[in-house]
Amino acid sequence: MSYNLLANKKGIIFGALDPASIAWKIALKAKAEGADFTLTNTAVALRFGQLDDLAEQCNAKIIPADATDIADIEKLLQESMDHLGGKLDFILHAIGMSPNVRKKKGYTDLNYNFLNKTIDISALSLHKLLQTALKMDAVNQGGSILALSYIAAQRTFPDYGDMADAKATLESIVRNFGYHYGKHNQVRVNAVSQSPTPTTAGTGVNRFDKFLTFAQELSPLGNANAESCADYCVTLFSDLTRMVTMQTLYHDGGYSAMGMTPELLDLIHDTLQSQQNKG
Ligand code: NAI
């Protein structure tokens, strides 16, 4: 069902790679809610991903950009405004990549060149985007900029590696830049902290399938999928949430507020006890 929540709104959507991407679902939902936007990703992702299909479905122009490169961001913002016919109302930052996680380098054996890349791509790119957009006055008053995060920014998830540090930095940028952008031009900056979701980035994390099962069992509503994330994100682009800013908003079926469930407690206890009995 569509509510026309984003009628007359213009935006940019980063991070759609293939139909499993969270950004892919957000693009489809934003289109259904009446938005016009451009799509962007790196040149490599455009070569190997499937963004052309999405662009066709959304009647959207694709503008390549590396989100760590200021010149690319400037070009993207300017071309998007030219193409869409005015300043922007929303931007989705759905970008994450860790060479350490990809190469299975754990948190106590980080390659620091890789770590710099992780932080630059997954966190500083948001600052670069916000700073460039502010300087270019590219976003309308009341506009909404949204990044995607994960609870490892706040709690320890050993397998998430250096992405945990990147997400903690990302959420800090959301708070700190959110202040400046709010004061300057009433622009809102938030992060949605999403359940584990089977995407290219998600499944790169060690033990991802087990993460998914554990979160599913711990969350009273179960895991939030990419489609429900898209529903939530369009409300955050809309005027209905015009006073929400500088927040990390959990979209996780209740996971972040849980401690334990009786079922998991019994399962862990019984498994350990049976191991001890065997030993
Ligand atoms: P995905 O792999 O579909 O999307 C990640 C995107 O980042 C890709 O499109 C990739 O091309 C893009 N990217 C990488 N380097 C880039 C650069 N230098 N410039 C521009 N774009 C670049 O995976 P997913 O899961 O949809 O990721 C989207 C966001 O959601 C990420 O921030 C991720 O950390 C976050 N997230 C994902 C969760 C999951 O379990 N999948 C859970 C919570 C948050």
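## Re the site of the ligand
At step 1: In the vicinity of the ligand, 28 residues are found, and the nearest of them are Ser21, Asn41, Lys167, Thr197 and Thr199.
At step 2: Contacts to the ligand include Asn41, whose side-chain N or O atom sits 2.7 Å from an oxygen atom.
At step 3: One of the backbone nitrogen or oxygen atoms of Ile95 is found 3.0 Å away from an oxygen atom of the ligand.
At step 4: Burial of the ligand by the surrounding chains reaches 93%, relative to a free accessible area of 820 Å².

## Brief notes about helix H3 (residues 51-58)
At step 1: The set of residues buried in H3 consists of Leu51, Leu54, Ala55 and Cys58. One side of H3 holds all its buried residues, which, seen down the axis, span an arc of 100 degrees. In H3, those exposed residues whose orientation departs by more than 90 degrees from the buried face are Asp52 and Glu56.
At step 2: On its buried face, H3 sits against helix H1 (22-32), strand S2 (36-40) and helix H2 (43-48).
At step 3: Looking one or two residues beyond H3, the residue adopting positive phi is Asn59, at roughly 50 degrees.

## Details of a nonpolar patch on the surface
At step 1: Together, Met260, Leu265, Ile268 and Leu272 line one region of the surface with nonpolar side chains, adding up to about 350 Å² of accessible area.
At step 2: Along the chain, Ile268 turns up in helix H11 (residues 262-278).
At step 3: Take Ile268: its relative accessible area is 40%, and that puts it in the partly exposed class.

## Focus on the packing of H1 against H3
At step 1: One can describe the packing of H1 onto H3 by two numbers: an axis separation of 10 Å at closest approach and a directional angle of 10 degrees. Looking at the two axes, H1 sits roughly parallel to H3. Taken together, the residues of H3 that come into contact with H1 (itself represented by Trp24, Ala27, Leu28 and Lys31) are Leu51, Asp53, Leu54, Gln57 and Cys58.
At step 2: Here the residues of the contact of H1 with H3 sort into six nonpolar, one polar and two charged.

Thresholds, definitions, all that
Residues numbered from 1 in each chain as written. Predicted model: local features only at pLDDT ≥ 70, side-chain atom pairs only at ≥ 80, totals over all residues. Heavy atoms only, no water. Near = heavy atom within 4 Å. Polar contact = N/O pair within 3.5 Å; in protein donor to acceptor, adjacent residues only side chain to side chain. Areas by Shrake-Rupley, 256 points an atom, 1.4 Å probe, with all protein chains shown as cover. Buried < 20%, exposed > 50% of the residue type's maximum accessible area, 1.4 Å probe, protein only. Helix = DSSP H or I, 4+ residues; strand = E, 2+ residues; numbered from the N terminus. Arc of directions from axis to C-beta. Contact = heavy atoms within 4.5 Å. Patch = residues over 30% accessible without salt bridge, like charges linked within 9 Å, V, L, I, M, F, W, Y side chains within 5 Å. Salt bridge = Lys/Arg side-chain N within 4 Å of Asp/Glu carboxyl O. Axes fitted to C-alpha atoms, helices over the stretch in contact; angles between N-to-C directions. Parallel < 35°, antiparallel > 145°, perpendicular 65-115°, else oblique. Nonpolar A, V, L, I, M, F, W, Y, C, P; charged D, E, K, R; others polar.

The quantities given are spatial measurements derived from coordinates; they are silent on function.
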